[in-house]
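# Survey of secondary and tertiary structure
Letter by letter, the chains look like this.
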Amino acid sequence: MTTTRIRRERHWLAVGAGLLAVGLAAALAFTFAPGAGADHAPIHAVPLTTAEHNEFTDNVAVQVRDKPGGRPTTVNNLHDASNIAVGEFTVQPGVWFPWHTHPGTGLVAVAQGDLVFIYADDCVERRYNEGEAFVDPGVVHTAYNPSDTDVTVVIATFLGVPEGAALATPVDAAEAEALNEACGAQAPAPLAAAHDH
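Computed from a predicted model, the values in this text were never measured in an experiment. (Residues numbered from 1 in each chain as written. Predicted model: local features only at pLDDT ≥ 70, side-chain atom pairs only at ≥ 80, totals over all residues. Heavy atoms only, no water.)

### So, the overall build of the protein
Condition: Put simply, DSSP H or I for four residues or longer makes a helix, DSSP E for two residues or longer makes a strand, and each gets a number counted from the N terminus. Exposure classes here rest on a 1.4 Å probe applied to the protein chains alone. A residue is buried below 20% of its type maximum, exposed above 50%, and partly exposed in between. Values of accessible area rely on a 1.4 Å probe in the Shrake-Rupley scheme; residue burial ignores everything except the protein chains shown.
When helices and strands are tallied, the protein shows three helices and 13 strands. Burial status across the protein gives 47% buried among its 197 residues. About 9400 Å² of surface is accessible on the protein, with carbon and sulfur atoms providing 53% of the total.

### Section: unusual backbone geometry
For residues other than glycine, phi is negative in most cases, and the peptide bonds are mostly trans. Residues other than glycine seldom take positive phi values, yet C123 does so here, at roughly 60°. Structurally, C123 is set in the loop between β8 (114-119) and β9 (125-129). Residue classification places C123 among the partly exposed residues on the basis of a relative accessible area of 26%.

### A closer look at the nonpolar core
Our working rule: Residues belong to a common nonpolar core when they are buried Ala, Val, Leu, Ile, Met, Phe, Trp, Tyr or Cys residues joined through side-chain atoms within 4.5 Å. Residue contacts are defined here by distance: any two heavy atoms, one from each residue, within 4.5 Å place the two residues in contact.
The biggest cluster of nonpolar side chains holds 21 residues, and the ones touching the most others in it are L115 and F134. Breaking this core down by element, the ones donating at least two residues are β1 (43-47), β5 (83-91), β7 (105-112), β8 and β12 (152-159). With residues near it in sequence (within four places) discarded, L115 still touches F97, V110, R126, R127, Y128, F134, A143, Y144, N145, P146, T152 and V154.

### Topic: the packing of aromatic side chains
Inclusion rule: Pairing of aromatic rings covers Phe, Tyr and Trp, the last counted by its six-membered ring, and requires centre-to-centre distances within 6.5 Å; plane angles under 30 degrees mean stacked, over 60 mean edge-to-face, and any other angle means tilted. Ring-over charges, as used throughout, are those where CZ of Arg or NZ of Lys falls within 6 Å of the ring centre and within 35 degrees of the ring normal.
Summed over all chains, the structure comprises four aromatic pairs. Ring geometry for W96 against Y144: centres 4.0 Å apart, planes inclined by 15°, an arrangement best described as stacked. Placement of W96 in the loop between β5 and β6 (100-101) and of Y144 in strand β11 (residues 141-144) is noted, with a sequence separation of 48 residues between them. A single burial state applies to W96 and to Y144, both of which are buried. Pairwise contacts between aromatic rings join F117, Y119, Y128 and F134 into one cluster. Taking the ring centre of Y119 as reference, the NZ or CZ of R71 above it sits at 3.7 Å.

### Observations regarding the side chain of R71
Tracing the chain through its elements places R71 in the loop between β3 (62-66) and β4 (74-78). Excluding anything up to four places from it in sequence, R71 contacts Y119, D121, D122 and R126.

### Considerations on the pattern of salt bridges
Selection rule: Every case where a carboxyl oxygen of Asp or Glu lies within 4 Å of a side-chain nitrogen of Lys or Arg is listed as a salt bridge.
Under the definition given, this model contains four salt bridges. Across the pair R127 and D114 runs a salt bridge, and its minimum N-O distance is 2.8 Å. Of the two residues, R127 sits in strand β9 while D114 sits in strand β8, which places them 13 residues apart along the sequence. Its relative accessible area of 47% is what places R127 among the partly exposed residues.

### Examining the environment of P137
Tracing the backbone shows P137 in the loop between β10 (133-136) and β11. Relative accessible area serves as the criterion here: at 13%, P137 is assigned to the buried category. Once you skip the residues sitting within four places of it in the chain, P137 turns out to touch T74, N76, G104 and Y119.

### Digging into helix α3 (residues 173-183)
Rules: Of all possible arcs, the one meant is that of the directions from the helix axis to the C-beta atoms.
If you check which residues of α3 are buried, you get A176, L179, N180 and C183. Projected down its long axis, α3 carries its buried residues within an arc of 100°, all on one side. Away from the buried face of α3 by more than 90 degrees, exposed residues A174, E177, E181 and A182 are located.

### Considerations on the confidence of the model for the protein
Filter applied, for reference: Per-residue confidence from the prediction method is given by pLDDT, with values spanning 0 to 100.
In this model, the protein carries an average pLDDT of 79, and 76% of its residues clear a pLDDT of 70 or more. A low-confidence stretch, residues 192-197 (pLDDT under 50), is modelled with 22 contacts involving residues beyond four sequence positions or located in other chains.

### Describing the environment of E125
Stated precisely, the cut-off is as follows: Throughout this description, a polar contact denotes any pair of N or O atoms lying within 3.5 Å of each other; where both atoms belong to protein, one of them has to be capable of donating a hydrogen while the other can accept it, and for residues adjacent in sequence the pair is counted only when both atoms sit in side chains.
By secondary structure assignment, the location of E125 is in strand β9. Between the C-alpha atoms of E125 and T142, which are 17 residues apart in sequence, the distance is 9.8 Å. If we skip the residues at most four places from it in the chain, E125 touches V116, F117, I118 and Y144. Among the polar contacts made by the side chain of E125, one reaches the side chain of Y144 at a distance of 2.8 Å.

Spelled out as structure tokens, the structure:
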């Protein structure tokens, strides 16, 4: 096995244990809903690219304009979108992501089930159904699978992720607790340190 392949597999193992769960301890803190087998990870991540980050061979800049319902338009200018990462995330029924941020911008497609996305600054639950997509602008947020019985599968493409950077950074435990209280959320407490995922 090559060093690059080992590094890539370690990176995506961290994703599986982490992005949406932000580390194994947070993943173990999730409660499974009825029907979810104990042999299923709360959030399971699979890389869809062959490297931790894929690089565009040309100089690529991207502008993403987004206006979710009830929010002002955001404009994310990625002057260097050269590193991207793509992964598939399977979220068990009732499972929440910890509160976290991402570098760059994420483009998220709901491939199966539904996902509820919550910005920390407005606490509004925005539901995205199978076949819909949304922009994750890299601000503090959480998300969860609202079903009691069905898994949710999302495909996330992260643009402009600096080489070697974590794909997500959790907020600290005190902020997570305050956000849960303010938003009526049930996001798990994150680990103290950021993790790759």
